[in-house]
Amino acid sequence: MVMQMGIFDRVYDAGLQDVAEMDGLERTQFMDDIYNDYKMCKDLRQTRMEAFYFDLLTKLIKDYGN
């Protein structure tokens, strides 16, 4: 499996402002994609990437999880 790097471009270029403009389904799919990447990094023991995705998921869930 190859991790798609487009997610980095989206997060860094636009920040999380794009997430605020998403509807509920788009946010859910976006966070699900990030969670899948997190799981893959965890399985591959990529600790830096795992930490990045964990922090990103934590922020997204706190801000948009409800």
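Each value, and the rule that gives it
Residues numbered from 1 in each chain as written. Predicted model: local features only at pLDDT ≥ 70, side-chain atom pairs only at ≥ 80, totals over all residues. Heavy atoms only, no water. Phe/Tyr/Trp six-rings, centres within 6.5 Å; stacked < 30°, edge-to-face > 60°. Helix = DSSP H or I, 4+ residues; strand = E, 2+ residues; numbered from the N terminus. Buried < 20%, exposed > 50% of the residue type's maximum accessible area, 1.4 Å probe, protein only. Contact = heavy atoms within 4.5 Å. Core = buried A, V, L, I, M, F, W, Y, C linked by side-chain atoms within 4.5 Å. Expected span 1.5 Å × (residues − 1). Polar contact = N/O pair within 3.5 Å; in protein donor to acceptor, adjacent residues only side chain to side chain.

### Structural notes on the packing of aromatic side chains
Alright, step 1. Inspection of the entire model under this criterion finds three aromatic pairs.
Alright, step 2. With centroids separated by 6.2 Å and ring planes inclined at 40°, the aromatic side chains of Tyr 38 and Phe 54 adopt a geometry described as tilted. A residue pair is termed long-range when its members are at least 10 positions apart, and Tyr 38 in helix H3 (residues 24-44) and Phe 54 in helix H4 (residues 47-64) qualify at 16 residues.
Alright, step 3. Classification of Phe 54 as partly exposed rests on a relative accessible area of 46%.

### A few points about the side chain of Glu 50
Alright, step 1. Along the chain, Glu 50 falls in helix H4.
Alright, step 2. In contact with Glu 50, other than residues within four places in its own chain, are Tyr 38, Cys 41 and Lys 42.

### A short note on the nonpolar core
Looking at soluble globular proteins, one finds that nonpolar side chains tend to be buried together.
Alright, step 1. Leu 16, Val 19, Met 22, Phe 30, Met 31, Ile 34, Tyr 38, Cys 41, Tyr 53, Leu 56, Leu 57 and Leu 60 form the largest nonpolar core, which has twelve residues in total.
Alright, step 2. Counting only elements with at least two residues in this core, the list comes to H3 and H4.
Alright, step 3. If one sorts the elements of this core by residue count, H3 sits on top with five residues.
Alright, step 4. In this structure Tyr 38 touches Glu 50, Tyr 53, Phe 54 and Leu 57, once residues within four positions along its chain are discounted.

### Topic: H3
Alright, step 1. If you check H3, its first and last C-alpha atoms are 30 Å apart, about what 21 residues at 1.5 Å a residue would give, namely 30 Å.
Alright, step 2. Where H3 is concerned, the buried positions are Phe 30, Met 31, Ile 34, Asp 37, Tyr 38, Met 40 and Cys 41.
Alright, step 3. N-cap assignment for H3: the residue whose side-chain oxygen lies 3.2 Å from the backbone N of Leu 25 is Asp 23.
Alright, step 4. Positive phi appears at Arg 45, one or two residues downstream of H3, with a value of about 60°.

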